[in-house]
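# Per-entry structural report
If you want the building blocks of each chain, they are given just below.
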Amino acid sequence: MTQSTLAPGLVLRDPALLEMRCFVNGSFVGEGMDPVNNPANGLVLGHVPDFGAAEATQAVEAAQQAFHPWAALTAKERSAILRRWFDLIIDAREDLALILTSEQGKPLSEARGEVDYGAAFVEFYAEEAKRISGETLPSHRSDGRILVLRQPVGVVAAITPWNFPIAMITRKVAPALAAGCTVVAKPAPETPLCALALSVLAKRAGFPDGVFNVITGDAVEIGGIFTSHPAIRVVSFTGSTEVGKLLMRQSASTLKRVALELGGNAPVLVFDDADIESAVAGALASKFRNTGQTCVCANRIYVQSKIYDAFVERFTAAAAQLKIGDGTIDGMQLGPLINERAVQKVERHLSDAVDKGGRIITGGKRHRLGGTFFEATVVINAHSEMAMAREETFGPVAPIFRFESESEAIAAANATTSGLAAYVFTRDVGRVFRVSEALEYGMVGVNSGLISTELAPFGGVKESGNSREGSHHGIEEFVDKKYVFVGGL
């Protein structure tokens, strides 16, 4: 298809993917009102509808009408449509990556990786749809049998964040659709264009009207409908712990299932027997991916005293070499932060750290490019009284803490209300098991800073969430177990 300029900096092979209307009951509806900005240059990419309670209700009721026919399809029929969606996403990889980078800011190389990662969930659950099996249990009577059926729960509301605007949609929507549920999705206001582009491809894939819906607009009004409408049986949310708690409270009156993946405060434990080069590379990848704006980013780096100085020297040298700029430019490794509030939080954490004895040894200020670009920053002499030890920074700041013993490191790592991801670098096999089992986290990466995959259950403990996404476990949120007793045999 002939390339065509659609918005500042956006040249797509398939211009139709830049959709700016909501997708409800198989049609694109609404008029653009809310601006979508490119965080790298501040330019407006376009406008999306500002829907509220009335439009959210319409979308939920469309999904409700579509539920029973969709659930009645065979697993193989649902699987075939999901597979077509996967193929279309892969075919549109370059366009989707450019849309993603333009509205979110991450480098194109990371955006392409996210498209592949997001598509992998659709592929996986297209296959898993055919594996949702029931059980036959031993009966308490000789003339009867006990069956357990696994059936779709109903309409699902999916609320997704701005930092992974493709993968967080597919990670929720694909298993729900595979199970036979219908979905109304609300993407983050900063990054709605990826979700709308996915809806264009979903329509092409052949999803029946109302099965998958995407709406944008007022978070309070739409969230209020999601948490109160009786047709919604699951609210699936990825975002801040504060908002997750609010959604749980609001959903209580109708006893909805609330699946939450919330904030993290990930520790990295580097023991003195670790391979330092691997530890530096792993911590660097975990810390600066998406400019530090992921819930599983390294937020606290603990290094054992014996190798502290060597680790700091190598890690700092590597961080100082990271290339910062507009993600659409080849070779960039760090893009802008999502908005001014994000920059201000980074600056607040750094000011607090310096006031409490921390020392910035590289970076520490806004980048010369201006806007929301910020330098890759390393802080040494970090300790537990600093804000960045207790709060998720969500930016390109790496505080490095010193520890002496294994027990001290475990205690420091667990001294948080969060429990999403943790990382351990060691070559001691015994320590691998001791520390992994002692860490109060839903996920532990050993000798690796990148652990996300559609093949494993992603999720946390404590105030980091209560559900799992990915793997065969990820479909459990969207099915109910029905006990059937058959007597008189």
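Notes on the structure follow.

Cut-off values and rules
Residues numbered from 1 in each chain as written. Predicted model: local features only at pLDDT ≥ 70, side-chain atom pairs only at ≥ 80, totals over all residues. Heavy atoms only, no water. Helix = DSSP H or I, 4+ residues; strand = E, 2+ residues; numbered from the N terminus. Buried < 20%, exposed > 50% of the residue type's maximum accessible area, 1.4 Å probe, protein only. Contact = heavy atoms within 4.5 Å. Areas by Shrake-Rupley, 256 points an atom, 1.4 Å probe, with all protein chains shown as cover. Lys, Arg positive; Asp, Glu negative; His and termini not counted. Charge placed at Lys NZ, Arg CZ, Asp CG, Glu CD. Pairing = 2+ DSSP bridges. Axes fitted to C-alpha atoms, helices over the stretch in contact; angles between N-to-C directions. Parallel < 35°, antiparallel > 145°, perpendicular 65-115°, else oblique. Nonpolar A, V, L, I, M, F, W, Y, C, P; charged D, E, K, R; others polar. Core = buried A, V, L, I, M, F, W, Y, C linked by side-chain atoms within 4.5 Å.

A word on the overall build of the protein. The secondary structure content of the protein amounts to 14 helices and 21 strands. When the backbone C-alpha atoms are referred to their principal axes, the protein occupies close to 70 × 65 × 40 Å. Scored against the burial criterion, the 489 residues of the protein give a buried share of 57%. Residue pairs at least 24 apart in sequence account for 72% of intrachain contacts in the protein once pairs closer than 6 positions are excluded. For the protein, the computed accessible surface area is about 19,000 Å², with 53% contributed by carbon and sulfur atoms. Of note, the protein has its 47 positive side-chain charges centred 3 Å away from the centre of its 55 negative side-chain charges.

The mixed open sheet is built from 7 strands, whose spatial order is 16-17-18-15-14-19-20. Either end of the sheet is taken by a strand with one partner, and the two such strands are strand 16 (359-362) and strand 20 (443-446). For this sheet, the mean inter-axis angle between neighbouring strands, taken without regard to orientation, is 25 degrees. In terms of strand pairing, strand 17 (residues 377-382) meets strand 18 (residues 397-403) through 4 bridges, oriented parallel. Within the sheet, the bridge partner assigned to Val 379 lies in strand 18 and is Pro 399.

Okay, the packing of helix 4 (residues 108-128) against helix 5 (residues 167-179) next. Between helix 4 and helix 5, whose axes approach to 8 Å, the crossing angle comes to 5 degrees. Taken together, helix 4 and helix 5 sit at an angle that is classed as roughly parallel. Here Glu 114, Tyr 117, Gly 118, Phe 121, Val 122 and Tyr 125 of helix 4 come into contact with helix 5, specifically with Ala 167, Thr 170, Arg 171, Ala 174, Pro 175 and Ala 178. Taken together, the residues of the contact of helix 4 with helix 5 break down into 8 nonpolar, 2 polar and 2 charged.

Moving on, we get to the nonpolar core. Counting residues in hydrophobic clusters, the biggest one holds 69 residues, and the most contacted among them are Trp 85, Ile 89, Ile 99, Leu 177, Val 183, Phe 207 and Phe 212. Listed in part, the 37 residues of the second largest apolar core include Ala 266, Ile 301, Ala 376 and Leu 420.

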